Amino acid sequence: MNKNQDRWTSVNGADAVRLDDVRKTYGRGENRVEALRGVTMSFPRGSFTAVMGPSGSGKSTFLHCAAGLDVSSSGSVVLDGKELGGMNENQLTRLRRERVGFIFQAFNLMPALNVEQNVGLPFRLAGRRPDRSSVMEVLSRVGLVERRKHLPSELSGGQQQRVAIARALIMRPAVIFADEPTGALDTQTTIEVLQLLRETVTNGGQTIIMVTHDPVAASAAHRVLFLADGQFIGELEAPTADVVAERMTHLTAWQQTRPTQYTGRGGF
Ligand SMILES: Nc1ncnc2c1ncn2[C@@H]1O[C@H](COP(=O)(O)OP(=O)(O)O)[C@@H](O)[C@H]1O
Ligand SMILES: [Mg+2]
């Protein structure tokens, strides 16, 4: 790491992720859609943020741009002190493997690998042997030590998502991006998974950015950001499910009165 980079990292060390005037445009001419329209937001280390918004508001696009899965059309994204803008695909892949964890609605576990092999997978992808003590440590954090030899098909949905959380945690990432992590779970399991996510933030200092449409899931976060029409238009600190649900109702009604942006393409 060169000297400049070092200084840069320390100056901006308080934020795990920062976006500055990020824009993302898809298509051209009459098919042109501005999915993000100047997003500026920071995500401090050790914070748990939920991102909500109506269908087509830009949630997935935001997540992909912030996580380095896609490149923004303009503006700056700084993840773990590094500007993504100047990186090539190899550098982005490496950053994602080593500094970013992902949790998806569909768990995305490897069906032929058992629990401990799934959790150790990020090591394999980085060309290293899984570190056994790290695997055991994250398995004990998610309460699955006894199940470590089981296949995903032998586990409940909630247990599978806990495996995915362990896999996301194992590289000690600067940030975990979660996309509807409780979307496939029943109410009781949803609460357990949310408690676990919240614990990794409170006790482990993890940073989480979670896209969700569920007010109960959002209420597990420290803060909820509301996205509409490609822009952040509001936030709630220490959210409760009731207040979040009420805001969402207003937001959806508001977006439906907006012209053109959402009528042309299949955002709904
Ligand atoms: N690959 C793409 N090509 C063209 N338009 C897209 C693409 N991905 C998303 N969009 C458009 O960008 C807008 C935001 O989409 P998206 O980020 O998926 O919203 P959300 O996740 O909130 O539903 C929508 O109008 C959608 O149709
Ligand atoms: Mg989406």
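Keep in mind that this is a model prediction, so the values were computed, not measured.

1. A few points about the pairing of strand β7 (residues 175–179)
Reasoning step 1: Extensive coverage of β7 is indicated by the burial of five of its five residues.
Reasoning step 2: Burial along β7 is two-sided: Val-175, Phe-177 and Asp-179 and Ile-176 and Ala-178, pointing in opposite directions, are all buried.
Reasoning step 3: By the bridge criterion, four bridges tie β7 to strand β8 (residues 208–211) in an arrangement that is parallel. Pairing of Ala-178 across the sheet is with Met-210, part of β8.
Reasoning step 4: In this fold, β7 hands off to helix α7 (residues 187–202), which returns the chain to β8; that crossover is right-handed.

2. Side note on the sheet that holds strand β3 (residues 48–52)
Reasoning step 1: Strand order in the open sheet made by the six strands is β6-β7-β8-β3-β9-β10, with mixed pairing throughout. Across the chains shown, the open sheet's two edge strands, defined by having one partner strand only, are β6 (100–104) and β10 (231–237). Strand-to-strand twist across the sheet, computed as the mean angle between neighbouring axes with direction ignored, equals 20°.
Reasoning step 2: Of the strand pairs in this sheet, β6 and β7 are connected by five bridges, and their pairing is parallel.

3. A look at the side chain of Lys-24
Reasoning step 1: For Lys-24, the location among the structural elements is in strand β1 (residues 15–26).
Reasoning step 2: With relative accessibility at 9%, the residue Lys-24 sits in the buried group.
Reasoning step 3: Within the structure, the side chain of Lys-24 is placed 2.8 Å from the backbone oxygen of Val-71, a separation counted as a polar contact.
Reasoning step 4: Excluding residues that lie within four positions of it along the chain, Lys-24 makes contacts with Val-33, Glu-34, Ala-35, Leu-36, Thr-61, Cys-65, Asp-70, Val-71, Ser-72 and Ser-73.

4. What to know about the pattern of salt bridges
Oppositely charged side chains can pair when the atoms bearing their charge come close.
Reasoning step 1: Here the structure, examined in full by the defined rule, presents 14 salt bridges.
Reasoning step 2: Put simply, Asp-15 and Arg-18 hold a salt bridge, and the shortest N to O gap is 3.8 Å.
Reasoning step 3: What makes Arg-18 partly exposed here is its relative accessible area of 24%.
Reasoning step 4: A salt bridge links Arg-23 to Asp-21; the nearest nitrogen and oxygen atoms lie 3.5 Å apart.
Reasoning step 5: The exposure class assigned to Arg-23 is partly exposed, which follows from its relative accessible area of 32%.

5. Digging into the site of ligand 1
Reasoning step 1: If you check the shell around ligand 1, you find 13 residues, and the closest are Gly-56, Gly-58, Lys-59, Ser-60 and Thr-61.
Reasoning step 2: At a separation of 3.2 Å, an oxygen atom of ligand 1 approaches a polar backbone atom of Ser-57.
Reasoning step 3: Within the side chain of Lys-59, a nitrogen or oxygen atom sits 2.9 Å from an oxygen atom of ligand 1.
Reasoning step 4: For the shell around ligand 1, the elements supplying multiple residues, two or more each, are β2 (33–44) and α2 (59–66).

About the thresholds
- Residues numbered from 1 in each chain as written.
- Chains lettered and ligands numbered in written order.
- Predicted model: local features only at pLDDT ≥ 70, side-chain atom pairs only at ≥ 80, totals over all residues.
- Heavy atoms only, no water.
- Buried < 20%, exposed > 50% of the residue type's maximum accessible area, 1.4 Å probe, protein only.
- Helix = DSSP H or I, 4+ residues; strand = E, 2+ residues; numbered from the N terminus.
- Pairing = 2+ DSSP bridges.
- Right-handed = clockwise from strand over helix to strand, strands pointing away.
- Axes fitted to C-alpha atoms, helices over the stretch in contact; angles between N-to-C directions.
- Polar contact = N/O pair within 3.5 Å; in protein donor to acceptor, adjacent residues only side chain to side chain.
- Contact = heavy atoms within 4.5 Å.
- Salt bridge = Lys/Arg side-chain N within 4 Å of Asp/Glu carboxyl O.
- Near = heavy atom within 4 Å.

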